[in-house]
Structures are given as C-alpha cells and as structure tokens.
Amino acid sequence: MAWSASAIFREFVANCMYQSAGTSFTGLDSDTVNVSLHNNSITPDKDAAVGSTGFNTGVWTTTNEVTDATNWVSGGRALASKTFTTPSSGVVMFDAADLAGGGTVTLAAFYGCLVYDNTISGGTVAKQGTSFHYFGGAQQVTAGTVTIVWHANGLQRITV
Amino acid sequence: VTIPLLNPEQRWECPNCPQTHVTNDARPHTPFHDCRGLKGLTAPFVTAGRKVKVEALEREDYVGSEMVQTDGDGRPVMSVQTTHDDGTDLAVLAPCATLDATAHQ
C-alpha cells in the first residue's frame, strides 16, 4: 500500500472542530499550521486513531519524512496568510498562501504532505494532523526551488 | 554611516508564453503566472535570459474522487518542473482535501 488519495482526518473533525479542551488548540487561524513532506513508504488513513494522526506519530514519523538540510527541515514549513471563507452555499473553505521552501533545496522523492497543527501540545496527540494531500506521483527537486501551489478551492473544502 | 538597503530589480520571463514580470525583492522568491503556453496552469517565471525548460508533469495515478488541478484541456497535472543547467525547480500543484457531509449513508 502507499498513497492513494487526499483527505481531512476524521479525528480532526471529531476533536478540534467539536472539542478542544486540554489540547491548547485555539483555531487554525491563530495556531501555527505546518506542512511536512513524506515519502511513499506510508499508507495515510483518514480514519486513523487520533493518536496516530500527529506529526511524528503513526505513519507520519520522521523516518518517512523528506527534508532538506537547510531550507525544508524536519517538521516542515508554516503556512501563511490563512483564510477561512464560505464561498458558496453549504461550502466552507480553508486556504493559505502557496508555500515555498526557504531557498535552494534538494529533496528526494516525496509523494504527499501532512498539514498539521503545530501549536497543539496537549490531549491525546501533539501536533495533530488536519489533512493530508497526495501529489499523484513522485516529486523531486535537485538544487532548486520548491513551491506547493494550493488548489483554487483551497487546502480543505467541507460541504455541509 | 548610512547604508542604503538596495532592492535590486529582477526581470522574469516565461519560455512558454510572452508574459514578463519585474520584481524588487532581495529575498529568494519566484513569481508565478497563469501560463497560456501551459494551457492556463499556474507556472513559475524564470530569470530573464536563462536557458531553461518549463514543463507540466501529468498526474501518474488515478484521479478517482480527488479534487486535483487540471490544465485547460482538463488533463490532471501534478507539478510544473523547471529544468536548468544545474538542477530542477518544482511547483507542486496540490489537490484539495475534501469532506462531504451531505452524503446519506
């Protein structure tokens, strides 16, 4: 098994969206939200137990993380210019500015990313994942720049 | 002694369409544009005068129910790769993670 799709974690909805006691979660707007890159040795699961959805837990361990020594280090990079909008009837959208590395990087093959709340330090799991995004194949950079261009419909889109 | 902070002018172009761009930012950055040559994809500019190849890489896996990014022909594209003399740059076109709470089960 390996990557096959993108998804919002069930436990993010069950926990952070509905309850935040003891987690230090204050909202994705005010918390620091990071993006880490991962290889194809993992099988992401949107239904994973909450304890397995955090950065460096479950399949998201640093063993399977792809990093650059200087400009995309372990833990990934923080999103900027986060927005939360209701663009049409029944739709909620979480978007952010496209995310670039800090400069020139060399990255081995990565297949997707984990978007996680880097502020969450309590509760069952720290750095709880909110969603993961499958890039559809191997992505590789050699002595160049990397930018994640988010979809026009945002990072996350919920239809109610 | 007063030391002026200079913001050098940087000229950009695209090898796939006529668009050009100018920035004045000393920090590392890469401006993007909607490229007609790549059928409307969001693609990076490259430093003017630099010989590079900028190409769209088609998604290698099933789309399924994924909300992926597509070009003007509806072809699913996973990234735009820039190949230069000493390496590669990459703009990854990430899919949107969706949750549909309206489906009845």
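See the structure printed just above.
A short tour of the structure in this document, coming up.

Some remarks on the pattern of salt bridges
Residue and element names in this part refer to chain A.
- In this structure the tally under the stated criterion is eight salt bridges over all chains.
- Two residues, Asp47 and Arg10, come together in a salt bridge whose shortest N-O distance is 3.9 Å. Highlighted residues: Asp47 in the loop between strand E2 (33-38) and strand E3 (65-66) and Arg10 in helix H1 (residues 10-17), separated in sequence by 37 residues.
- Taking relative accessible area as the criterion, Asp47 reaches 37% and is therefore assigned partly exposed.

Focus: unusual backbone geometry
- With a phi angle near 55°, Ser81 of chain A is a residue other than glycine that sits in the positive phi range.
- You can see Ser81 of chain A is positioned in the loop between strand E4 (77-78) and strand E5 (83-85).
- On the basis of relative accessibility, which here comes to 54%, the residue Ser81 of chain A falls in the exposed class.
- Non-glycine residue Lys39 of chain B carries a positive phi angle of around 60°.
- Structurally, the position occupied by Lys39 of chain B is in the loop between strand E3 (32-35) and strand E4 (41-44).

A few points about the environment of Val22 of chain B
Residues and elements named next belong to chain B.
- Mapped onto the fold, Val22 is located in strand E2 (residues 20-23).
- Residue classification places Val22 among the partly exposed residues on the basis of a relative accessible area of 38%.
- For the pair Val22 and Leu57, spaced 35 residues apart in the sequence, the C-alpha separation amounts to 27 Å.
- Once you skip the residues sitting within four places of it in the chain, Val22 turns out to touch Glu9, Gln10, Arg11 and Trp12.

About the cut-offs
Residues numbered from 1 in each chain as written. Chains lettered and ligands numbered in written order. Predicted model: local features only at pLDDT ≥ 70, side-chain atom pairs only at ≥ 80, totals over all residues. Heavy atoms only, no water. Salt bridge = Lys/Arg side-chain N within 4 Å of Asp/Glu carboxyl O. Helix = DSSP H or I, 4+ residues; strand = E, 2+ residues; numbered from the N terminus. Buried < 20%, exposed > 50% of the residue type's maximum accessible area, 1.4 Å probe, protein only. Contact = heavy atoms within 4.5 Å.

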